[in-house]
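Okay, here's what each chain looks like letter by letter:
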Amino acid sequence: MTETGAQSVGAAEPGDRVSGDVSLDTRTIQQINEAGISLKGVTKRYGDKAVVDDIDLVIEPGEFMTLLGPSGSGKTTTLNMIAGFADVTEGLLHIHGKPVAKLPAHKRDIGMVFQNYALFPHMTVEENVAYPLQRRKMPKAEQRKRIAESLQMVRLAEYGGRYPAELSGGQQQRAALARALVYNPRVLLMDEPLGALDKKLREWLQMEIKRIHQEVGSTFVYVTHDQEEALSLSDRIAVFNNGKIEQVGTGVELYEHPDTLFVGRFLGESSVLRAPSSTATVRDGNTTLAVGDHHVTVPGERRGVESLAVLVRPENLSLELPGYVPASSTENALPVTVKTATYLGVGWRYDVVLFDGTSGIVRTPNDATRFGPGDQAIVTWDVRHGVLLEDLGEGDESTT
Amino acid sequence: MTMKRVLIAFSVLVIFLLIVPTLVIVPISFNASPSFDFPPKGWSLQWYENFLTDREWLKALGNSVLVAILTAIVATVAGVLASLGLSRLKFRGKSLLENYFLAPMIVPGIVIAIGLYSLFIRLDLLGTIPGFVFAHTIVALPLVIINVMASLQGVDPRLAQAAASLGASKARTFFTVTLPLIVPGVTAGALFAFVTSFDEIILSLFIQDPSLQTLPVKIYRSVTQSTDPTVAAVAVVTMAVSVVVMLAAQLATRKRKALT
């Protein structure tokens with residue numbers, strides 16, 4: 001579990017908004033009060049099964065946080081608990097320092113965007129956007145102004161009189177965004193909002209969502225299983241797996257310095273070498289592992305684990321002709337066979353196999369030496385680019 | 001090709017057989033002589049005049065309309081609430097409860113009638129408007145539930161979640177989102193309930209007393225006791241009401257399909 005948000009704790013006195021739970025220390029109380037959304041030991045159980053298992057997460061005010069994970073990892077349940085659609089079995093849930101675990105959904109002052117848009121089909125776009133304002137008993141004139149502004153923001157100003165069924169999927173989702181933002185909620189929750197749209201529209205709406213986030217400055221919590229979407233949108237990403245959070249960090253942190261093999265493999269493409277830790281030797285802060293007759297060196301060390309893994313990103317690997325001799329001890333080299341070569345425009349992608357059957361992915365620029373299927377080659381990478389992780393024996397199926 | 005013609009002929013025959021006994025009553029109601037002769041020997045509107053001027057017939061018609069309206073209201077409110085619970089909540093024995101609500105459609109009317117009779121004697125509900133409404137609601141409820149449940153099936157449960165996230169309480173969500181979307185089903189259910197009550201005879205025969213009779217009961221009495229063709233006129237009026245209401249129900253359901 002990764003501790004996050006600690007850097008934001010200043011010298012201020014502990015707040016008094018969290019009370020009644022004497023077991024919390026002052027630092028935790030302060031963290032809860034300063035957070036946009038705070039989850040402490042939050043658990044959701046259905047019967048005996050914990051769908052969300054004792055998670056801690058601090059989301060800063062105004063932050064764009066993405067909950068990323070495969071289906072069934074607990075990310076949507078977590079979002080539903082924040083929204084108030086699912087009860088919290090155990091733990092503390094605070095929104096802007098206010099305990100909300102027992103508060104019904106309609107009193108939490110959050111906005112929510114659903115994958116299927118969930119626009120009211122019997123109301124026009126304008127009536128949909130007016131709905132939350134009517135619930136707040138806002139004066140009519142103010143309502144009209146706000147509706148016009150928010151439709152302007154999602155670029156649907158001319159579509160106010162249309163019914164949802166008369167709009168395209170992308171337009172419907174923008175109408176849903178306008179409806180969820182028109183009352184300036186401090187928190188906006190989004191549950192795979194672009195999941196039902198095609199790729200081009202998705203990418204355009206990603207940019208729109210990013211722009212709107214910067215415009216309104218609310219805290220956004222975004223659920224997706226699409227790692228590219230997570231990387232392009234988020235300030236920080238929480239990676240979920242089996243009801244737990246594996247790691248929280250910026251896209252760069254997660255991609256370049258994953259804490260677990262799961263995180264490394266879930267974000268982006270990677271090649272993974274596995275070796276029992278009995279073959280490892282540690283020198284000068286580097287670990288060297290035996291892979292067959294060859295040796296692979298990685299920065300760092302991991303003690304007390306049974307099996308180790310080395311993860312390298314495809315863009316950090318290069319392919320050389322057989323007979324290539326590593327320039328120095330700072331370079332790893334392993335003989336491989338090229339299985340497929342794919343031209344991507346920006347460069348080439350090679351799927352390669354090691355002598356022991358381990359597969360790997362290499363991306364090379366267009367000016368690098370070219371290889372074809374069946375060619376022998378030497379795959380090389382700078383020692384600094386390997387990440388040493390514990391191998392928990394997860395499956396080998398590659399994640400996209 | 002010939003096979004197709006045979007099928008068409010057969011279908012026409014079946015339709016004909018289904019509707020003839022019902023339609024025979026129409027010419028009889030315009031009969032000039034005081035008999036059930038078919039075909040009639042002359043034409044007149046005297047039986048309709050009889051019906052509309054006879055205080056007893058009019059009282060029975062008034063009772064029927066009142067009971068049918070009250071039954072429609074009670075059955076619709078109860079049916080909508082039951083449907084909401086059955087479709088939106090998860091609990092043990094849910095399908096059992098659903099079947100329980102629909103049971104009056106399968107249980108023979110006479111069984112319900114005898115049960116109600118012995119119950120109503122004790123509760124002093126025989127020959128009262130509340131007694132009629134209560135009895136008719138039992139048999140009308142399944143029709144409301146079937147129609148409303150079908151409507152609710154087409155309403156995405158996430159709309160209620162969306163309404164909650166936008167600040168609407170459960171009650172507010174029901175009146176502003178769920179109800180407007182199931183109006184066609186509710187309307188159809190209410191109309192079915194009205195017709196069911198308006199036509200109901202088995203339970204009514206057990207519950208009626210001389211001071212309070214509904215139209216079907218009075219028709220039955222009249223047919224078994226005399227050969228007054230006024231009954232035919234009453235039957236035609238009853239049938240017309242049912243047909244109009246059922247057509248309205250059909251229309252309501254069609255609107256629902258057009259919306260989604």
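Bear in mind that the values here come from a model prediction, so they are computed numbers and not experimental data. (Residues numbered from 1 in each chain as written. Chains lettered and ligands numbered in written order. Predicted model: local features only at pLDDT ≥ 70, side-chain atom pairs only at ≥ 80, totals over all residues. Heavy atoms only, no water.)

### Overview of the overall build of chain A
Item 1. Counting its secondary structure elements, chain A contains 9 helices and 21 strands.
Item 2. Its C-alpha atoms put chain A at 80 × 55 × 40 Å along the principal axes.
Item 3. Considering only contacts within chain A whose residues lie at least 6 apart along the sequence, 67% involve residues at least 24 apart.
Item 4. When the 41 basic and 53 acidic side-chain charges of chain A are each reduced to a single mean position, those positions are 8 Å apart. (Helix = DSSP H or I, 4+ residues; strand = E, 2+ residues; numbered from the N terminus. Contact = heavy atoms within 4.5 Å. Lys, Arg positive; Asp, Glu negative; His and termini not counted. Charge placed at Lys NZ, Arg CZ, Asp CG, Glu CD.)

### Here we look at the interface of chain A and chain B
Where interface size is quoted, it is often the accessible area lost as the parts come together.
Item 1. Taken together, the contact pairs 20 residues of chain A with 18 residues of chain B.
Item 2. For the chain A and chain B pair, buried surface summed over both sides reaches about 1,700 Å², with 65% attributable to carbon and sulfur atoms.
Item 3. When residues of chain A are sorted by the area they lose upon contact with chain B, H106, H122 and R135 of chain A head the list and together hold 32% of the total.
Item 4. Across the chain A-chain B interface, the total number found is 0 salt bridges.
Item 5. Run the count over chain A and chain B and you get 5 residue pairs in polar contact (both at pLDDT 80 or more).
Item 6. A per-element tally of the side of chain A that touches chain B places helix 3 (residues 125-135) of chain A first, with 3 residues. (Buried area = accessible area lost by both parts, 1.4 Å probe. Salt bridge = Lys/Arg side-chain N within 4 Å of Asp/Glu carboxyl O. Polar contact = N/O pair within 3.5 Å; in protein donor to acceptor, adjacent residues only side chain to side chain.)

### Digging into unusual backbone geometry
Residue and element names in this part refer to chain A.
Item 1. Backbone geometry at R155 places phi at a positive 60 degrees, although glycine is not the residue there.
Item 2. Structurally, the position occupied by R155 is in the loop between helix 4 (140-153) and helix 5 (169-181).
Item 3. Here the phi dihedral of N242 falls at roughly 50 degrees; this positive angle occurs in a residue that is not glycine.
Item 4. Relative to the helices and strands, N242 is located in the loop between strand 9 (236-241) and strand 10 (244-249).
Item 5. Judged by relative accessible area, N242 falls into the exposed class, the value being 63%. (Buried < 20%, exposed > 50% of the residue type's maximum accessible area, 1.4 Å probe, protein only.)

### With respect to the pairing of strand 7 (residues 187-191) of chain A
Residues and elements named next belong to chain A.
Item 1. Strand 7 sits mainly inside the fold: 5 of its 5 residues count as buried.
Item 2. Residue alternation in strand 7 divides its side chains into two sets, V187, L189 and D191 and L188 and M190, and both sets are buried.
Item 3. Pairing of strand 6 (residues 110-113) with strand 7 involves 4 bridges; the strand directions are parallel. Looking at strand 7, one finds that I110 is bridged to V187.
Item 4. Of the strand pairs in this sheet, strand 7 and strand 8 (residues 219-224) are connected by 5 bridges, and their pairing is parallel. Residue pairing across strands places L188 opposite F220, the latter belonging to strand 8.
Item 5. Once the chain exits strand 7 it traverses helix 6 (residues 199-216) before rejoining the sheet at strand 8, and the crossover so formed is right-handed. (Pairing = 2+ DSSP bridges. Right-handed = clockwise from strand over helix to strand, strands pointing away.)

### Here's the deal with the domain arrangement of chain A
Item 1. Taken domain by domain, chain A comprises domain 1 (6-109 + 186-256) and domain 2 (269-322 + 330-390).
Item 2. Placing a centre on the C-alpha atoms of domain 1 of chain A and another on those of domain 2 of chain A gives a separation of 35 Å. (Domains from an automatic or database assignment.)

### Some points on the sheet that holds strand 3 (residues 64-68) of chain A
Residue and element names in this part refer to chain A.
Item 1. If you trace the 6 strands from one edge of the open sheet to the other, you get 6-7-8-3-9-10, paired in mixed fashion. One side of each edge strand has no neighbouring strand; the edge strands of this open sheet are strand 6 and strand 10. Across the sheet, the axes of successive neighbouring strands diverge by a mean angle of 15 degrees, strand direction being ignored.
Item 2. Pairing analysis gives 5 bridges linking strand 9 to strand 10, with the strands arranged antiparallel. Across the sheet, residue I237 finds its bridge partner in strand 10, namely G249.
Item 3. Along the sheet, helix 6 makes contact with strand 3, strand 7 and strand 8, crossing strand 8 at roughly 160 degrees. (Axes fitted to C-alpha atoms, helices over the stretch in contact; angles between N-to-C directions.)

### Considerations on the pattern of salt bridges
Residue and element names in this part refer to chain A.
Item 1. Inspection of the entire model under this criterion finds 17 salt bridges over all chains.
Item 2. When the shortest N-O distance is used, the salt bridge between E208 and R211 registers 2.9 Å. A residue pair is termed a helical-turn pair when its members lie 3 or 4 positions apart in one helix, as E208 and R211 do in helix 6 at 3 residues.
Item 3. The partner of D351 in a salt bridge is R349, and the shortest N-O contact between them spans 3.0 Å. Considered together, D351 and R349 belong to a single accessibility category, that of buried residues.
Item 4. The network of salt bridges with common partners includes R155, E208, R211 and E215.

### A word on the sheet that holds strand 16 (residues 318-320) of chain A
Residue and element names in this part refer to chain A.
Item 1. If you walk across this open sheet you meet the 5 strands as 16-20-17-18-19, and the pairing is antiparallel. Each end of this open sheet is capped by a strand with a single partner; those strands are strand 16 and strand 19 (359-364). Between one strand and the next, the sheet's axes are offset by a mean angle of 45 degrees, whatever the strand orientation.

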